[in-house]
Amino acid sequence: MKIHNNIWLVGSGQHGFEMTHALDCNVYLVGDGKSFAMIDAGAGIEPHRIVERIEASGIAMAQVTQLLLTHAHGDHAAGANYFRETYGLKVVASAEAAPWIAAADPEKTSIGAAIASGVYPQDYVYAPCPIDEAVREGDTLQVGQLNVSIVETPGHANGHISFLLEISGQKIIFVGDTMFAGGKIFIQNSWDCNIQLYASAINKLASLSIDAMFPGHGPFLLSSASKHIQKAQAQFGRLDIPPNL
């Protein structure tokens, strides 16, 4: 489903648009019409449904050459191995999260705690996936004719990154689980969820004057995204906590 210039929504679960498996995050496709990258991979359960959404948009999987992961949590990264093995996508993740995804580390990815808490079923499998390119703040990627900049945004999770680009004069960012519509954030009882790092990440996003924002769950913002980011920034600035997703 095309949602913006050069951007398609091709997956989304129970905390979004119920397009694919219930545990999937929002999965996006971005490209220049010839070459495309997926943003996040979903939970790895019924990943063929994401493929069906891509192909229904008139895009062949042969045109999708990269998979950019915002962070290592299962709903965003556990589907990566399927897309790498089945379609040969080059998988990109942060330098910090790369070894956790490659090993499917149950502690660092928080998947062990998520299964124990009942968020994921007891038989859930997070398949390990080699990372083809590990990136850091300030690195850039090329998706066809589009330039994508890496912005480190920890707080929800260590090793979390966002993907910033400009399309048709708009500053656009894919923020994973860092920021959501309405100035919401995503705090949870996990080993690496950190309030101080979160506040710093929101300050960084606020400095970028973002026009459009595409989060890992729930509605995306096609304009005036900076107002939503500033709302969260203001609450952190008052030593308060923004509303939780």
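Here is what the cut-offs are and how they apply
- Residues numbered from 1 in each chain as written.
- Predicted model: local features only at pLDDT ≥ 70, side-chain atom pairs only at ≥ 80, totals over all residues.
- Heavy atoms only, no water.
- Phe/Tyr/Trp six-rings, centres within 6.5 Å; stacked < 30°, edge-to-face > 60°.
- Buried < 20%, exposed > 50% of the residue type's maximum accessible area, 1.4 Å probe, protein only.
- Lys NZ or Arg CZ within 6 Å of the ring centre and 35° of its normal.
- Disulfide = S-S within 2.5 Å.
- Axes fitted to C-alpha atoms, helices over the stretch in contact; angles between N-to-C directions.
- Helix = DSSP H or I, 4+ residues; strand = E, 2+ residues; numbered from the N terminus.
- Contact = heavy atoms within 4.5 Å.
- Nonpolar A, V, L, I, M, F, W, Y, C, P; charged D, E, K, R; others polar.
- Pairing = 2+ DSSP bridges.
- Salt bridge = Lys/Arg side-chain N within 4 Å of Asp/Glu carboxyl O.
- Core = buried A, V, L, I, M, F, W, Y, C linked by side-chain atoms within 4.5 Å.

### What about the packing of aromatic side chains?
With the rule as written, the count across this model stands at twelve aromatic pairs. Measuring from centroid to centroid gives 6.2 Å for Phe 180 and Phe 186, while their planes differ by 70 degrees, and the two rings are edge-to-face. A relative accessible area of 2% places Phe 180 in the buried class. Counting every residue linked through ring pairs, the aromatic cluster contains Phe 17, Tyr 28, Phe 174, Phe 214 and Phe 220. Taking NZ or CZ as reference, Lys 108 lies 4.5 Å from the ring centre of Trp 191, over its face.

### Examining the state of the cysteines
Defined simply, a disulfide is a covalent bond joining two cysteines at their sulfur atoms. What the rule picks out here adds up to zero disulfides. Cysteine Cys 25 is unpaired, with the sulfur of Cys 129 as its nearest cysteine sulfur at 14 Å. Accessibility expressed as a relative area gives 0% for Cys 25, which makes it buried. Cysteine Cys 193 remains unbridged, with the sulfur of Cys 25 as its closest cysteine sulfur at 17 Å.

### Thoughts on the packing of helix α1 (residues 48–56) against helix α3 (residues 80–87)
As a packed pair, α1 and α3 sit with axes 11 Å apart at the nearest point and diverge in direction by 60 degrees. Counted together, His 48, Ile 50 and Val 51 of α1 and Tyr 82, Phe 83 and Tyr 87 of α3 form the full contact between these two elements. Across the contact of α1 with α3, the residue classes break down as five nonpolar, one polar and no charged.

### Considerations on the pairing of strand β9 (residues 146–152)
When strand β8 (residues 140–143) meets β9, the two strands line up antiparallel, connected through four bridges. Note on β9: the bridge partner recorded for Thr 140 is Ser 149. Of the strand pairs in this sheet, β9 and strand β10 (residues 161–167) are connected by four bridges, and their pairing is antiparallel. Looking across to β10, one finds that Val 151 is bridged to Ser 162.

### Quick word on the pattern of salt bridges
Oppositely charged side chains may form a pair once their charged atoms are brought near each other. Within the structure shown, the criterion is met by five salt bridges. With a closest N to O distance of 2.9 Å, Arg 49 and Glu 46 form a salt bridge. With a closest N to O distance of 3.0 Å, Glu 137 and Lys 204 form a salt bridge. Residue Glu 137 is located in the loop between β7 (133–135) and β8, and its partner Lys 204 is located in helix α6 (residues 195–206); the two are separated by 67 residues in the primary sequence. For Glu 137, a relative accessible area of 39% puts it in the partly exposed group. Take Lys 204: its relative accessible area is 27%, and that puts it in the partly exposed class. In the salt-bridge network here, residues are joined through shared partners; they are Arg 84, Glu 85 and Asp 132.

### Overview of the sheet that holds strand β12 (residues 212–215)
Read from one edge of the open sheet, five strands run β8-β9-β10-β11-β12, paired in mixed fashion. The sheet terminates laterally at β8 and β12, the two strands that pair on one side only. Neighbour-to-neighbour, the strand axes of the sheet open up by a mean angle of 25 degrees, direction not taken into account. Both β10 and strand β11 (residues 170–176) contribute to a ladder of five bridges, which runs antiparallel. Counterpart to Glu 166 in the pairing with β11 is Lys 171.

### Overview of the nonpolar core
Counting 39 residues, the largest nonpolar core has Met 38, Leu 69 and Ile 101 as its most contacted members. Contact partners of Ile 101, with chain neighbours within four places excluded, come to Leu 69, His 71, Ala 72, Ala 77, Ala 93, Tyr 126, Pro 128, Cys 129 and Ile 131. With 25 residues, the next largest nonpolar core counts Val 135, Leu 146, Ile 167 and Phe 214 among its residues.

### Details of unusual backbone geometry
We note that Asp 40 has phi near 70 degrees; this positive angle belongs to a residue other than glycine. Along the chain, Asp 40 falls in the loop between β4 (36–39) and α1. At Ser 110, a position not held by glycine, the phi torsion is positive, near 65 degrees. With respect to the helices and strands, the residue Ser 110 is situated in the loop between α4 (98–103) and α5 (111–117).

### Observations regarding the sheet that holds β7
Paired through backbone hydrogen bonds, the strands of a sheet run either parallel or antiparallel to each other. The seven strands lie next to each other as β1-β2-β3-β4-β5-β6-β7, forming an open sheet whose pairing is mixed. Both outer strands of the open sheet, β1 (2–4) and β7, are each paired with one neighbouring strand and no more. Here the strands of the sheet are splayed against their neighbours by 30 degrees on average, with no regard to which way each runs. Pairing analysis gives three bridges linking strand β6 (residues 90–94) to β7, with the strands arranged parallel. Paired with Ser 94 across the strands is Val 135, a residue of β7. The strands touched by α1 within the sheet are β2 (7–11), β3 (27–31), β4 and β5 (64–68), with β2 carrying the most contacts at an inclination of about 150 degrees.

Everything listed is a geometric property; what it means functionally is a separate question.
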